[in-house]
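For reference, the chains in residue letters:
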Amino acid sequence: MSYVVMAQQGLDAAEARNWDEAIDKLSAALQHSTNPTWLIARSKALIGLERFDAALDDADLAWHTASQRGGREIMAIAQYRRGVAFLRLKKYANADYCFMHCMRLLKGGPAVPKEDPGLQLVDGNGFWKVTAAEATDAARNEGIGNKDETLKRAAVQRTPDTYQQKFRDWRMASTMRIQALAAMEKLPEDDPGRKLTATLVPEEKSLAVHVSDKPESEAAQAKPAAPKPAVPSDTPLRLQDFQSNTAMSVSIFSKGVDKEKLKVEFLESSVRLDPLVYPSGDEREFRLDLWGEIDTSKSKCTVTPNKVELSLAKKTVGKWPALRADASSRPEPVAKLEAKAGSETQDADSVDSVQPRSETLQAPATQLAYPTSSRAGPKNWDKFGEDQNSDDDKDVNYFFKKLYKGASPEQQRAMMKSFTESNGTSLSTNWDEVKDRVVETVPPDGVEAKKWE
């Protein structure tokens, strides 16, 4: 078996949190090449086995090997692994220092600046002065997603997926930084954990030889392992998502997917993948029903050994409240507005097939109601009509309730604004039409509009 294959097996074992196997495989591969990615994975496995000093040594060496190869992003991750090791060693000042340099590198800062910015954050005795509150404020104001010019330069010639991965790494380092500082604040003022002893350029040590914690004699005497219990065939795939205002990134953890065999179909509000490998080992179709609509021409799929990654371009700018749709939250296409208000028995499939259209409606007389925003808050359209008793009112309310549920977020805003401002006498689904004006009250014939007291 080649050392490259062995290294890949070690990386897979670390991903699966099989720490002993990861250390054995990666240690064998590292005898042939001190690849910084392999060192970082072994550092992670050593943390899992609570061998924190050894994990720190591997992270230090990963920083040097990445520096020699010009791998700035790997250098940032190496600083992150150093921070994790210091955190577990309860050296909180050192941990925050390393997390801070990780975040700085991810934002495009120099690998080794002429003046170490961390040295300005200690007092005359070398104690770390930063607080958790300051780190929290910095995370809000200096995030990798803001309009910082440094970030714009860092994003040049980067794919969206790479930039989003950098954002996830930056956010994780920021979270760990706040955690380290919160723990440090619980220590006495003169505790060694508050003192900065780490350096930006770590001490370079030779490669250490590590083996798993299991003694060879124990492995030799061990009885054959009992077969793992079968995973139920209905065990779902694990998903992880991250979103911006314009895109939704989804990781589907499905190990061993054949990229040549996989067929991916992007639909307006769903994605179909066939086949994916389920936890039970079965290969079958997977359909992801989405909360919102996507631009199928700009969405794409990437297959890795352990997961399938989707990059979905949102059709409408804005945050989704959830990744997946369910029976109550999934937006449906709006019915044509010429549909009769009393058609409670209308076929739902025919409603879904109609394309949305926007116009201003005159509310029926049975629907007259003054807005409740001044005293009882905004109108709850999901409950609309439940407090009415007549059959005619129920028919009208059913129509408006279905209309609101099927509308896009922009159409829903238009409906809420027009209904409230017109005192319940007009309803519009065209946001461009109503956003810059006050919708006037237009009462039905024979009804006089009075001001709400």
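Relevant structure appears above.
Here's what I pulled together on the structure shown here. These numbers were taken from a predicted model, which means no experiment stands behind them. (Residues numbered from 1 in each chain as written. Predicted model: local features only at pLDDT ≥ 70, side-chain atom pairs only at ≥ 80, totals over all residues. Heavy atoms only, no water.)

Across its full length, the protein chain carries 15 helices and nine strands. Within the protein chain, the proportion of its 453 residues that are buried is 41%. Considering only contacts in the protein chain between residues 6 or more positions apart, those separated by 24 or more positions represent 61%. Entry remark: accessible area of the protein chain is about 25,300 Å², with carbon and sulfur atoms responsible for 50%. (Helix = DSSP H or I, 4+ residues; strand = E, 2+ residues; numbered from the N terminus. Buried < 20%, exposed > 50% of the residue type's maximum accessible area, 1.4 Å probe, protein only. Contact = heavy atoms within 4.5 Å. Areas by Shrake-Rupley, 256 points an atom, 1.4 Å probe, with all protein chains shown as cover.)

If you look at the biggest cluster of nonpolar residues, it comprises 59 residues, and the most contacted ones within it are Tyr 80, Tyr 97, Phe 99, Trp 128 and Leu 181. Residue assignment for this core shows that the elements contributing at least two residues are α1 (3-15), α2 (19-30), α3 (36-48), α4 (52-69), α5 (72-88), α6 (92-106), α7 (132-141) and α9 (160-184). Ranked by the residues each element gives to this core, the list is headed by α6, at 11 residues. Tyr 97 has contacts with Asp 116, Gly 118, Trp 128, Leu 196, Ala 198, Thr 199 and Leu 200, leaving out every residue within four places of it along the chain. (Core = buried A, V, L, I, M, F, W, Y, C linked by side-chain atoms within 4.5 Å.)

Between its first and last C-alpha atoms helix α14 (residues 409-421) spans 18 Å; for 13 residues at 1.5 Å apiece the expected length is 18 Å, and the two agree. The complete set of buried residues in α14 reads Gln 411, Ala 414, Met 415, Met 416, Lys 417, Ser 418 and Phe 419. Asn 423 sits one or two residues past α14 and shows a positive phi near 60°. (Expected span 1.5 Å × (residues − 1).)

Okay, the sheet that holds strand β4 (residues 270-277) next. With respect to topology, three strands assemble into an open sheet ordered β3-β4-β5, the strand pairing being antiparallel. Of all strands in the sheet, those bounded by a partner on one side alone are β3 (263-266) and β5 (283-289). Direction aside, neighbouring strands of the sheet carry axes that sit 15° apart on average. (Pairing = 2+ DSSP bridges. Axes fitted to C-alpha atoms, helices over the stretch in contact; angles between N-to-C directions.)

Turning next to α7. Of all the residues in α7, the buried ones are Ala 132, Ala 135 and Ala 138. The arc enclosing the buried residues of α7, seen along the axis, measures out at 120°, which places them on a common side. Opposite the buried face of α7, at more than 90 degrees from it, the exposed residues are Arg 140 and Asn 141. (Arc of directions from axis to C-beta.)

For the rest of this paragraph, the subject is the side chain of Ser 299. The topology assignment puts Ser 299 in the loop between β5 and β6 (300-303). Reaching out from Ser 299, the side chain makes a polar contact with the backbone oxygen of Asp 295 at a distance of 2.9 Å. Each residue touching Ser 299, except ones within four places of it in the same chain, is listed here: Phe 266, Ile 294, Ser 311, Leu 312 and Ala 313. (Polar contact = N/O pair within 3.5 Å; in protein donor to acceptor, adjacent residues only side chain to side chain.)

Now for the pairing of β4. Counted residue by residue, β4 has six buried out of eight residues, so it is predominantly covered. Here β3 pairs with β4 via four bridges, running antiparallel. From the neighbouring strand, Lys 263 faces β4, where its bridge partner is Asp 274. The antiparallel pairing of β3 with β4 creates a hairpin that spans three residues between the two strands. Where β4 lies against β5, six bridges are found, and the strand directions are antiparallel. Within β5, the residue paired with Arg 272 across the bridge is Arg 287. Linkage of β4 to β5, two consecutive antiparallel strands, is achieved through a turn of five residues, within which Gly 281 is found at a positive phi near 95°.

Let us now look at the packing of aromatic side chains. Tallying each qualifying case throughout the model produces three aromatic pairs. Arranged with centres 6.2 Å apart and planes meeting at 75°, the rings of Tyr 3 and Trp 38 form a pair that is edge-to-face. Here Tyr 3, found in helix α1, pairs with Trp 38, found in helix α3; they are 35 residues apart in sequence, far enough to count as distant. Classification of Tyr 3 by relative accessible area gives partly exposed; the value is 33%. Under the relative-accessibility criterion, Trp 38 is labelled buried at 9%. Pairing Tyr 97 with Trp 128 gives two aromatic rings, centres 6.1 Å apart and planes at 85°, and the pair type is edge-to-face. Pair noted here: Tyr 97 is in helix α6 and Trp 128 is in the loop between α6 and α7, with a separation of 31 residues, a long-range link. Lying across the ring of Phe 127, Lys 195 places its NZ or CZ 5.5 Å from the centre. (Phe/Tyr/Trp six-rings, centres within 6.5 Å; stacked < 30°, edge-to-face > 60°. Lys NZ or Arg CZ within 6 Å of the ring centre and 35° of its normal.)

Strands sit in the order β1-β2-β7-β6 across an open sheet of four strands; the sheet is antiparallel. Whereas interior strands pair on both sides, the edge strands pair on one side only; in this sheet they are β1 (238-243) and β6. Averaged over neighbouring strand pairs, the angle between their axes works out to 15° when direction is ignored. Judged from the four bridges that link them, β6 and strand β7 (residues 308-313) form a sheet pairing that is antiparallel. Of the residues in β7, the one forming a bridge with Val 303 is Val 308.

With respect to the helices, strands and loops of the structure, Asp 12 is situated in helix α1. The class of Asp 12 is buried, set by a relative accessible area of 18%. Put simply, Asp 12 and Asn 306 are 294 residues apart on the chain and 7.9 Å apart in space, counted from C-alpha to C-alpha. Setting aside residues up to four positions removed in sequence, Asp 12 forms contacts with Lys 255 and Asn 306.

On to the packing of α4 against α5, then. Between α4 and α5, the least distance of the axes is 8 Å, while the angle of their chain directions is 165°. Taken together, the axis directions place α4 and α5 in an arrangement best described as roughly antiparallel. Seen along the crossing, α4 lies across α5 with a hand that is left-handed. Where α4 abuts α5, its residues Phe 52, Ala 55, Leu 56, Ala 59, Asp 60, Ala 62, Trp 63, Ala 66 and Ser 67 lie against Ile 74, Met 75, Ala 78, Gln 79, Arg 81, Arg 82, Ala 85, Phe 86 and Arg 88. Of the residues assigned to the contact of α4 with α5, the class counts are 12 nonpolar, two polar and four charged. (Parallel < 35°, antiparallel > 145°, perpendicular 65-115°, else oblique. Left-handed = near helix turned anticlockwise from the far one by under 90°. Nonpolar A, V, L, I, M, F, W, Y, C, P; charged D, E, K, R; others polar.)

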